[in-house]
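Coordinates in review
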Amino acid sequence: MARPQSSLNSMDRLAKIEKIIPGGTSTNAKSPSRLAPPITPNFAVSAAGAEFIDDDGRNWIDCDMGLAAVVWGHARTEIDDAVISQIRKGVLFSAPPMLEGEAAELILDRLQEFAALRFVKTGSDAVSAAVRVARAATGRTDIIIGTYHGWHDWAIYPFYGAATGVPAQVGQLTRKLPEETAAATRLLLDADVAAVVVCPEQWEPEQLKEVVQLVRANGSIVIFDEVKSGLRVGPKGVWHKINIIP
């Protein structure tokens, strides 16, 4: 059965939805308020390739592409068919699916410099897991960052402080660089630093090479957050292109 057409225009619809979902969406980075409604789109209805249609029927070029997650474009037939095929087999088993191991082998065939991997659900989860491993491995507490790495407690406090609901004792374990340079990193490094987390695509390669040397000499761990850059800059990511293994 087709969904009944709403008589509301997009701005009325936004006002209605904002009453039940603050900001109109559960993903702040997609909030209509970040742009300029009603000139810009409030909601997407359908998409194909690099374009989407909003709830007023307007066609848009999608420059965000799902916050950089939609690498191959929207509604690719071959991808949709593969996903639908798997859905028909089931998607939530009580034992590990064969597909998990097969996918891991394919990824490690490409990334032969690495021995093992784990799958996680989001970018925030991935980087937070790496931070936890670094703390466990070093026995240290503090983390240095230069930019946003997700909404988890350790990452978000330097940007929004107490407004996040993160206790100061937790949030202040993360130190934010005033600028993403080796000199700024050197000033913050000490014996309490477990890891330095960077988005490598945002750094000058020579600066990043110096940072890696500084961090390792300090007994700390280097974490590359390539959630946004991913495999877009080459078959193995930024680290391979600039020849710096994190």
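These lines cover the structure that appears in this document, whether it is placed above or below. (Residues numbered from 1 in each chain as written. Predicted model: local features only at pLDDT ≥ 70, side-chain atom pairs only at ≥ 80, totals over all residues. Heavy atoms only, no water.)

**Concerning the sheet that holds strand 3 (residues 59-61)**
Rules: Criterion used throughout: strands pair if DSSP finds at least two bridges between them. Here a helix means four or more residues in a row that DSSP labels H or I, a strand means two or more in a row labelled E, and each is numbered from the N terminus. Axis lines are fitted to C-alpha atoms, over the contacting stretch for helices. Their N-to-C directions set the angle, which ranges from 0 to 180 degrees.
What the three strands build is an open sheet, ordered 1-2-3; its pairing is antiparallel. Unpaired on one side and paired on the other, strand 1 (44-48) and strand 3 mark the two borders of the sheet. In this sheet, neighbouring strand axes are inclined to one another by 30 degrees on average, regardless of whether the strands run parallel or antiparallel. Here strand 2 (residues 51-54) pairs with strand 3 via three bridges, running antiparallel. Along strand 3, the bridge assignment pairs Phe52 with Trp60.

**Observations concerning the packing of aromatic side chains**
Applied cut-off: Classification of ring pairs uses Phe, Tyr and Trp, with its six-membered ring standing for Trp, and accepts pairs whose centres are within 6.5 Å; under 30 degrees between planes counts as stacked, over 60 as edge-to-face, and the remaining range as tilted.
On inspection of all chains with the given rule, the structure shows two aromatic pairs. Relative to Phe159, the ring of Tyr148 lies with its centre 6.1 Å away and its plane at 70 degrees, an arrangement referred to as edge-to-face. Here Tyr148 is found in the loop between strand 4 (142-145) and helix 5 (153-160), whereas its partner Phe159 is found in helix 5, with 11 residues between them in sequence.

**What about the pattern of salt bridges?**
Stated precisely, the cut-off is as follows: Any Lys or Arg side-chain nitrogen located within 4 Å of an Asp or Glu carboxyl oxygen qualifies as a salt bridge. Note on classification: 1.4 Å probe, protein chains only; a residue is buried when its accessible area is under 20% of the maximum for its type, exposed when over 50%, partly exposed between these limits.
Per the counting criterion, the structure on display carries nine salt bridges. A salt bridge links Asp142 to Arg175; the shortest N-O distance between them is 2.7 Å. Here Asp142 is found in strand 4, whereas its partner Arg175 is found in strand 5 (residues 174-176), with 33 residues between them in sequence. Across this residue pair, the class does not change: Asp142 and Arg175 are buried. The shortest N-O distance in the salt bridge between Glu210 and Arg186 comes to 2.7 Å. Here the residue Glu210 occupies a position in helix 8 (residues 205-217), and Arg186 occupies one in helix 7 (residues 182-188), the gap between them amounting to 24 residues. For Arg186, a relative accessible area of 41% corresponds to the partly exposed category. One connected set of salt bridges, linked through shared partners, spans Asp142, Arg175 and Asp190.

**Regarding the nonpolar core**
Stated formally: Remark: nonpolar core denotes a set of buried residues (Ala, Val, Leu, Ile, Met, Phe, Trp, Tyr, Cys) joined through side-chain atoms within 4.5 Å.
Among the nonpolar cores identified, the biggest contains 20 residues, and Val196, Leu208 and Phe224 are the most heavily contacted of them. The set of elements that each furnish at least two residues to this core consists of helix 7, strand 6 (193-198), helix 8, strand 7 (221-224) and helix 9 (238-241). Here this core gets four residues from one element, more than from any other, and that element is helix 8.

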